[in-house]
Protein chains: 2
Amino acid sequence: MNLLEYTFSGKKVTYYLDDSLSSLQNKVPVNRSVIITDETVYQAYAGQLAGFQTIVIPAGEQHKNQATVNHILDELIRMEADRQSFVIGLGGGVVTDIAGFAASVYMRGIRFGFVPTTILGQVDASIGGKNGIDAGIYKNIIGVIRQPEFILFDHTLLQTLPQEQWVNGFAEIIKHACIRDAQLFALLEQKKLEDFQQDHQLLAELIRRNVDIKSGVVAKDEFETGDRKLLNFGHTIGHAVENTYELLHGFAVSIGMVAACSISGTVSGFSVPEQERVLKVLQQYGLPIYLEFDKKRVFEILKMDKKRVREEISFVLLKTIGHAVIQKIPLTELEELIQKMSD
Amino acid sequence: MNLLEYTFSGKKVTYYLDDSLSSLQNKVPVNRSVIITDETVYQAYAGQLAGFQTIVIPAGEQHKNQATVNHILDELIRMEADRQSFVIGLGGGVVTDIAGFAASVYMRGIRFGFVPTTILGQVDASIGGKNGIDAGIYKNIIGVIRQPEFILFDHTLLQTLPQEQWVNGFAEIIKHACIRDAQLFALLEQKKLEDFQQDHQLLAELIRRNVDIKSGVVAKDEFETGDRKLLNFGHTIGHAVENTYELLHGFAVSIGMVAACSISGTVSGFSVPEQERVLKVLQQYGLPIYLEFDKKRVFEILKMDKKRVREEISFVLLKTIGHAVIQKIPLTELEELIQKMSD
């Protein structure tokens, strides 16, 4: 077990790295805690949750909405949860996003912690305090920024993940490498997915490195006025295609990174050989690099992106692998760039 | 016009005292602003809102719920509101509570300001950053604490208020006097409601004094770990009777203050003559001091109060007029005290 602490706007968040779900009962007051999880995770781990009250929500991004939040809030009221209660989100990004949001608005905010059960959750979604839900096709448009008390990482939870969930998580790992860590990118080029699945130590180090990249960026810019925006690499077009085509988040981000690499080629001088290296790594980890999408429809959604301010959008571009920049692109120009992308 | 600034946890809030609704267009970017108001207020002031986009919600506490928030969020999306947009809550406490909450969760929080149109709103509800909604009979159980950019006070808006809304607001004014300001209490004893309705200067001073009491308390304890709790005087039992009996907030708080005075007599030595002075002032301003309520049912709701932590409730008691204290009362004892209150 490794303990790490990050401070976000004066609030300390404890990371229990390479720890175990079974130790949760030593970290929170069990009789005052409520675990929020989804049906899939509950079926797999119900045996390890003895003594905890639980709220089980249906699995899947389509349930990351107001109706599910209302259900959770009603359950918290029914359980007589109070300001000393502790909410724990146990699950993938959907569960931790929604649990963090519900805890943030219940009684104007009670304490919460996360136990992410997916790669995507462990390297990205559970970190940084963004909690929220979707409204129709608009992703995360309702939410707050509020940090959990702790995040508990148990790598053994990943063993039961279906293969596509492993692939899903590696999109964000590749993203972190692209924007911030050329060395990590080189490591990813040398390895393949099975290497990380089979070598616990290698996986633990990979997760720690990604936790560190994301937390470091967020700690310096919690409210996303500057560098935190870099983490949106691949997400602008990614989000726009994600809900339209009901893709897994990582798959959509992969498509988004491919598009962003192409736009970077035109706008920020990202070289063709490096563009090709990114595409190669994405494929190496089983991610899609091609999607025939309705460009007009995607652009309509993209116009509503949170990163848009009036007629411009803050777009994350690469200069080189490991070095990202933010550039404002007028919507009209972006529309042309998307139209121009090879069909 | 008077300008006042209060700082809450590092965030500056500007108060435009004794100002005018028509100056709103000089205080916010009109083309990026969305006014949230209710049907009653809209009918009265639509003529002064030229150029602003508006979202009009149905009037009344029964609409301070998730359905109304969802409607507002859908409208903000439809209007393509973005992170530079500005939400203005124009109305009574219900409108400002709900507008502040919607703005706090839209895109993880955009800027907002308030123009309170009732006495209750001007002396209490719009101040302090508590934004939220009800869930069924549980008042304000969903919400966040987040401060507005500004509050604009226009006393002429009060001229069209029905008499019961004037009475409604004076409950919180009397509350402020009870907990913090014996001199203000004495002034209230000397005057009557008509005096404040007829004398603009007297009213402006009264509002300023109440704004100052509430803001001062909140500025020292935004997240209610200490003295901010004093503002809950009369609200514990008040909230419990409010929704059960569909009373106006001030009327319910008046009943709650009467109950709290009686409990203060037993628990904190609040003298009988001073108890009688409080009852007399409440009556003088048209507030009810008696309600035959279902004590068992009210106690059931009270158990879910946000001020409850497990088996105790933080109760605000008076020692003397102008001097309130907080005391934890076990639920079992409180149940007895309520049962014992004269029927």
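Below is a short write-up of the structure. Treat the numbers as computed from the prediction; the structure is a model and nothing was measured.

This part takes up the pairing of strand E2 (residues 11-17) of chain A. Residues and elements named next belong to chain A. Of all seven residues in E2, five are buried; the element is thus mostly enclosed. Here strand E1 (residues 2-8) pairs with E2 via seven bridges, running antiparallel. The residue of E2 that forms the bridge with leucine 3 is tyrosine 16. In textbook terms, the turn of a hairpin is the stretch between consecutive antiparallel strands, and for E1 and E2 this stretch comprises two residues, one of which, serine 9, has a positive phi near 45°. Relative to strand E9 (residues 150-152), E2 runs parallel, the two sharing three bridges. Within E9, the position partnered with tyrosine 16 by the bridge is leucine 152.

Our focus in this paragraph is the relation of the copies chain A and chain B. What relates the pair of chain copies is a rotation about an axis plus a shift along that axis. Superposing chain A onto chain B requires a rotation of 180° together with a translation of 0.0 Å along the rotation axis, leaving an RMSD of 0.0 Å. Such values leave the two copies arranged in the relation of a two-fold axis. Residues of chain A ranked by C-alpha distance from the rotation axis are headed by A:Gln66, positioned 4.3 Å from it. Residue by residue, 100% of the interface of chain A is reproduced at the interface of chain B, so both copies engage with the same surface.

In this section: the environment of B:Phe196. All names here are of chain B. Of note, phenylalanine 196 is situated in helix H7 (residues 193-198). With 30 residues separating them in the primary sequence, phenylalanine 196 and tryptophan 166 have C-alpha atoms 9.9 Å apart. Every residue in contact with phenylalanine 196, bar those within four places of it in the chain, is listed here: Phe170, Leu187, Leu188, Lys191, Leu202, Leu203, Leu206 and Tyr285.

With that settled, the discussion passes to the packing of aromatic side chains. Residues and elements named next belong to chain A. Applying the stated criterion across every chain yields a total of 16 aromatic pairs over all chains. Aromatic pair tyrosine 6 and tyrosine 15: ring centres 5.5 Å apart, planes at 50°, arrangement tilted. Ring geometry for tyrosine 15 against phenylalanine 153: centres 6.0 Å apart, planes inclined by 20°, an arrangement best described as stacked. Placement of the pair is tyrosine 15 in strand E2 and phenylalanine 153 in the loop between E9 and helix H5 (163-180), with a sequence separation of 138 residues. Of the two residues, tyrosine 15 and phenylalanine 153, neither departs from the other in class, the shared state being buried.

Looking now at the sheet that holds strand E12 (residues 323-330) of chain B. Residues and elements named next belong to chain B. Within the open sheet, the three strands sit side by side as E10-E11-E12. Their pairing is antiparallel. Of all strands in the sheet, those bounded by a partner on one side alone are strand E10 (308-309) and E12. Where strand E11 (residues 312-320) meets E12, eight bridges bridge the pair, whose relative direction is antiparallel. If you follow leucine 318 over to E12, its bridge partner there is alanine 324. Most of the contacts of helix H10 (residues 249-267) go to E11, to which it runs at about 80°, and overall it touches E11 and E12. Most of the contacts of helix H13 (residues 331-340) go to E12, to which it runs at about 110°, and overall it touches E10, E11 and E12.

What follows covers the pairing of strand E7 (residues 130-135) of chain B. Residues and elements named next belong to chain B. For E7, a buried count of six out of six residues is recorded, marking the element as mostly surrounded by other parts of the structure. In terms of strand pairing, E7 meets strand E8 (residues 138-145) through five bridges, oriented antiparallel. Bridge pairing in E8 places asparagine 131 opposite valine 144. Between E7 and the antiparallel strand that follows it, E8, lie two residues; glycine 136 among them carries a positive phi value of about 60°.

As enumerated under the stated definition, the model contains 31 salt bridges over all chains in all. The residue A:Arg180 makes a salt bridge to A:Asp227 at a minimum N-O spacing of 3.9 Å. Taken together, the residues span a long stretch of sequence, with A:Arg180 in helix H5 and A:Asp227 in the loop between helix H8 (200-220) and helix H9 (235-244) at a distance of 47 residues. Its salt-bridge partner being B:Lys64, residue B:Asp97 comes within 2.7 Å of it at the nearest N-O pair. Note that B:Asp97 is positioned in helix H3 (residues 93-105) and B:Lys64 in the loop between strand E4 (53-57) and helix H2 (66-78), a separation of 33 residues in sequence. By sharing partners, the salt bridges in this structure join A:Glu61, A:Lys139 and A:Glu242 into a single network.

As a further point, take the interface of chain A and chain B. By convention, interface size is frequently given as the accessible area that disappears when the constituent parts associate. Of the residues lining the interface, 36 residues belong to chain A; the matching set on chain B comes to 36 residues. Buried area between chain A and chain B, both sides added, is near 3300 Å², and the carbon and sulfur share of it is 57%. Looking at the side of chain A facing chain B, the largest losses of area belong to A:Arg108, A:Lys306 and A:Arg310, adding up to 22% of the total buried there. Joining chain A to chain B, the criterion identifies four residue pairs in polar contact (both at pLDDT 80 or more). Elements with a contribution of two residues or more to the side of chain A that touches chain B: helix H2 (66-78), helix H3 (93-105), strand E7 (130-135), strand E8 (138-145) and strand E10 (308-309) of chain A. The element contributing the most residues to the side of chain A that touches chain B is E8(A), with seven residues.

The rules behind the values
Residues numbered from 1 in each chain as written. Chains lettered and ligands numbered in written order. Predicted model: local features only at pLDDT ≥ 70, side-chain atom pairs only at ≥ 80, totals over all residues. Heavy atoms only, no water. Buried < 20%, exposed > 50% of the residue type's maximum accessible area, 1.4 Å probe, protein only. Helix = DSSP H or I, 4+ residues; strand = E, 2+ residues; numbered from the N terminus. Pairing = 2+ DSSP bridges. Least-squares fit on C-alpha atoms with pLDDT ≥ 70 in both. Contact = heavy atoms within 4.5 Å. Phe/Tyr/Trp six-rings, centres within 6.5 Å; stacked < 30°, edge-to-face > 60°. Axes fitted to C-alpha atoms, helices over the stretch in contact; angles between N-to-C directions. Salt bridge = Lys/Arg side-chain N within 4 Å of Asp/Glu carboxyl O. Buried area = accessible area lost by both parts, 1.4 Å probe. Polar contact = N/O pair within 3.5 Å; in protein donor to acceptor, adjacent residues only side chain to side chain.

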